[in-house]
Amino acid sequence: MYMTGIYVHNNKERTEKVMIMSNKVYDVLKWITMYLIPAAGTLYFALAGIWGFPYGEQIVGTLTAIDTFLGVILGISSAKYNKDRM
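Residues numbered from 1 in each chain as written. Predicted model: local features only at pLDDT ≥ 70, side-chain atom pairs only at ≥ 80, totals over all residues. Heavy atoms only, no water.

Attention shifts here to the overall build of the protein chain. Each helix and strand in the protein chain was counted, giving 2 helices and 2 strands. Relative to all contacts within the protein chain whose residues are 6 or more apart in sequence, the contacts with residues 24 or more apart total 35%. Roughly 6,800 Å² of accessible area belongs to the protein chain as shown, and the carbon and sulfur atoms make up 66% of that amount. (Helix = DSSP H or I, 4+ residues; strand = E, 2+ residues; numbered from the N terminus. Contact = heavy atoms within 4.5 Å. Areas by Shrake-Rupley, 256 points an atom, 1.4 Å probe, with all protein chains shown as cover.)

See below:
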C-alpha cells in the first residue's frame, strides 16, 4: 500500500508515493482477517456454550467488530493498490 504525499523542495512541488504497508504485512493481515479471527471467535463461542466460559457474546462481538474493521482497511488498501497499478 502506498500513501501519496506532496513535497516541496527548492520551491518546486512534486508528488511521491510512499509505501506504508509491505506485501508481506498485507498478506499476514489478510490471513489473520480471513482465517484466524473468525476461527478464534467460533471456537470461543462454541466452548463458551459447552463449558460455560464467560462473556461469549461480548468476546465474539468484539472479534467480529475487529475483523470487520480489518477487512474494510485491507479492502481499501487493495482497491487503492490496484488503481495505482493501472
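That shown, we press on.
According to the stated counting rule, one finds 2 aromatic pairs in the structure shown. Ring geometry for tryptophan 31 and tyrosine 35: centres 6.4 Å apart, planes at 45°, overall tilted. In this pair, tryptophan 31 and tyrosine 35 are both assigned in helix α1 (residues 23-51), 4 residues apart and thus about one turn of the helix distant. With a relative accessible area of 48%, tyrosine 35 lands in the partly exposed category. (Phe/Tyr/Trp six-rings, centres within 6.5 Å; stacked < 30°, edge-to-face > 60°. Buried < 20%, exposed > 50% of the residue type's maximum accessible area, 1.4 Å probe, protein only.)

This part is about the side chain of aspartate 67. Inspection of the secondary structure assignment puts aspartate 67 in helix α2 (residues 56-85). One buried charged residue, aspartate 67, remains without a salt bridge, the closest side chain of opposite sign being lysine 30 at 12 Å. (Lys, Arg positive; Asp, Glu negative; His and termini not counted. Salt bridge = Lys/Arg side-chain N within 4 Å of Asp/Glu carboxyl O.)

We now examine the packing of α1 against α2. Packing of α1 against α2 brings their axes to within 9 Å, and their N-to-C directions diverge by 165°. By the angle between their axes, α1 is roughly antiparallel relative to α2. Relative to α2, α1 is oriented so that their crossing is left-handed. Note on element contacts: α2 touches α1 through Gly56, Glu57, Ile59, Val60, Leu63, Ile66, Asp67, Leu70, Gly71, Leu74, Ser77 and Ser78, opposite Tyr26, Leu29, Lys30, Ile32, Thr33, Ile37, Pro38, Ala40, Gly41, Tyr44, Phe45 and Ala48. (Axes fitted to C-alpha atoms, helices over the stretch in contact; angles between N-to-C directions. Parallel < 35°, antiparallel > 145°, perpendicular 65-115°, else oblique. Left-handed = near helix turned anticlockwise from the far one by under 90°.)

Bringing α1 into the picture now. Side chains that are three or four residues apart share a direction in an α-helix, a result of its 3.6 residues per turn. In this model α1 runs 40 Å from its N-terminal to its C-terminal C-alpha over 29 residues, within 8% of the 42 Å that 1.5 Å per residue would give. Largest kink in α1: about 40°, centred on isoleucine 32. Inspection of α1 places Tyr26, Thr33, Ile37, Gly41 and Ala48 among the buried residues, and these make up the whole buried set. Buried residues belonging to α1 abut α2. (Expected span 1.5 Å × (residues − 1). Bend = angle between axes of the 7 residues up to and from the residue.)

Now for the environment of serine 78. Topologically, serine 78 is positioned in helix α2. Along the primary structure serine 78 and tyrosine 26 are separated by 52 residues, whereas in three dimensions their C-alpha atoms are 9.0 Å apart.

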